[in-house]
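Working through the structure, step by step
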Amino acid sequence: MELINGKEVAALLKDKIALQVLEMKENGGKVPHLAAILVGENGASETYVANKVKACEQVGFDSSLFRFANDISEKTLLEKIQEINDDDNIDGFIVQLPLPKHIAVDKIINAIKPSKDVDGFHPENTGRMVKNLPCYIAATPFGILKLIEHYNIETKGKHCVVIGRSNIVGSPMSILMARDGNPGNCTVTLCHSRTQNLRQFTLMADIIIVALGKPGFLTHDMVKEGAVVIDVGLTRIEDSSKKTGFALKGDVEYDQVAPKCSFITPVPGGVGPMTIVALLENTLKAARKEVYN
Ligand code: GUN
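Everything in this summary refers to the structure shown in the same document. (Residues numbered from 1 in each chain as written. Predicted model: local features only at pLDDT ≥ 70, side-chain atom pairs only at ≥ 80, totals over all residues. Heavy atoms only, no water.)

So, on to the side chain of Lys 14. Among the secondary structure elements, Lys 14 is positioned in helix H1 (residues 6-26). Buried charge without a partner: Lys 14 forms no salt bridge, and the closest opposite charge is Asp 15, 8.0 Å away. Among all residues touching Lys 14, those that are not within four sequence positions of it are Ala 55, Gln 58, Val 59, Val 277 and Leu 280. (Helix = DSSP H or I, 4+ residues; strand = E, 2+ residues; numbered from the N terminus. Buried < 20%, exposed > 50% of the residue type's maximum accessible area, 1.4 Å probe, protein only. Lys, Arg positive; Asp, Glu negative; His and termini not counted. Salt bridge = Lys/Arg side-chain N within 4 Å of Asp/Glu carboxyl O. Contact = heavy atoms within 4.5 Å.)

What follows covers the site of the ligand. Close to the ligand lie Lys 52, Val 95, Gln 96, Leu 97, Asp 119 and Phe 121. Contacts to the ligand include Gln 96, whose side-chain N or O atom sits 3.3 Å from a nitrogen atom. Here a nitrogen atom of the ligand sits 2.6 Å away from a polar atom, N or O, in the side chain of Asp 119. Out of a free accessible area of 280 Å², the ligand has 83% covered by protein chains. Partitioned by chemical class, the residues of the shell around the ligand number three nonpolar, one polar and two charged. (Near = heavy atom within 4 Å. Polar contact = N/O pair within 3.5 Å; in protein donor to acceptor, adjacent residues only side chain to side chain. Areas by Shrake-Rupley, 256 points an atom, 1.4 Å probe, with all protein chains shown as cover. Nonpolar A, V, L, I, M, F, W, Y, C, P; charged D, E, K, R; others polar.)

Let's shift gears to the sheet that holds strand E1 (residues 2-3). The strand order E1-E11-E8-E7-E5-E6 describes an open sheet built from six strands, whose pairing is parallel. The open sheet has two edge strands, E1 and strand E6 (187-191), and neither has a second partner. In this sheet, E6 lies alongside strand E5 (residues 159-163) in parallel orientation, the contact comprising five bridges. Bridge pairing in E6 places His 159 opposite Thr 187. Against the sheet, helix H7 (residues 170-178) touches E5, E6 and strand E7 (207-210), its axis set at about 165° to E6. (Pairing = 2+ DSSP bridges. Axes fitted to C-alpha atoms, helices over the stretch in contact; angles between N-to-C directions.)

Let us look at the pattern of salt bridges. One side chain can pair with another of opposite charge once the charged atoms of both are near each other. Within the structure shown, the criterion is met by 11 salt bridges. In this structure, the salt-bridge partner of Arg 199 is Asp 221, at a minimum N-O distance of 3.5 Å. Taken together, the residues span a long stretch of sequence, with Arg 199 in helix H8 (residues 198-202) and Asp 221 in the loop between E7 and strand E8 (227-231) at a distance of 22 residues. We classify Arg 199 as partly exposed; its relative accessible area is 40%. A relative accessible area of 32% means that Asp 221 is categorised as partly exposed.

This part covers the sheet that holds strand E2 (residues 33-39). Strands belonging to one sheet form pairs held by backbone hydrogen bonds; the direction of such a pair is parallel or antiparallel. Overall, parallel pairing links the three strands, which are arranged E3-E2-E4 in an open sheet. The open sheet terminates on both sides in strands that have one partner only, identified here as strand E3 (62-68) and strand E4 (92-95). Geometrically, the sheet is characterised by an average inter-axis angle of 15° between neighbouring strands, direction not taken into account. Where E2 and E3 come together, seven bridges link them in parallel fashion. The partner of His 33 across the bridge, within E3, is Asp 62. This element, helix H3 (residues 74-85), spans E2, E3 and E4 of the sheet and lies at about 180° to E2.

Take a nonpolar patch on the surface next. Taken together, Tyr 48, Leu 234 and Leu 248 make up a surface patch of nonpolar side chains, about 210 Å² in accessible area. By secondary structure assignment, the location of Leu 248 is in strand E10 (residues 246-249). You can call Leu 248 partly exposed: its relative accessible area is 32%. (Patch = residues over 30% accessible without salt bridge, like charges linked within 9 Å, V, L, I, M, F, W, Y side chains within 5 Å.)

Have a look at this one:
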């Protein structure tokens, strides 16, 4: 069993990005600038956004954080997005999800200029992804592709089971693994909450990607010997022994599943750190106008 060390790979890739930023600066180019919009006071979102801002500093990007109270109107939020769309100094931006219930998420995402949509959530980018055209790939699936690539995990012709069909992870992941590319060229089964006898599919899987948000969902009896297991789950579980008051638990019952795997991601330190690097890469591409020009 080999542990997929996302923390280590992320650090390596961040160093590479930092070098490229230095080079851009030396050549008199513009410093990449990522902006984030954070609405309300969701603890997990606060942490994610703080980590994104910190990562920008680490690689030499400029960053801006726009914070709004939970009761911000949809109209004000749309106006802010328009302002950022028009701001030539900002190369890419994200609206941290989830948003409060009174705001229509799709309306917000559709308002983001596709060329600045470094989260890859706009239908223009999703559509381009499906058609294998230049696009921003959503950070979590993009980070997972990078991990698979880094560890030279063979995907061509393999059976990949994705569990979870969210817009952010499961759905794009299933498309990316099936695409003609490397990583890619898998036969993909997309399982979700309505799948009957899910175990019959996971037992056939060479690669399992779990993105459900159900701690410990994938157990040893669901995994065949030698499988690759990628755990996207990151649920906060109360734990008074921790400084923060909570521990992070993945969707995989790690201790029992790991011995059966050829590769497995831990939680934390697996997929999590890679999502941030993927976002940085998208921002670098935005600054260089590599996807849209
Ligand atoms: N919420 C959970 N994951 C993400 C993400 O990748 N981007 C944004 N904007 N919000 C999220």
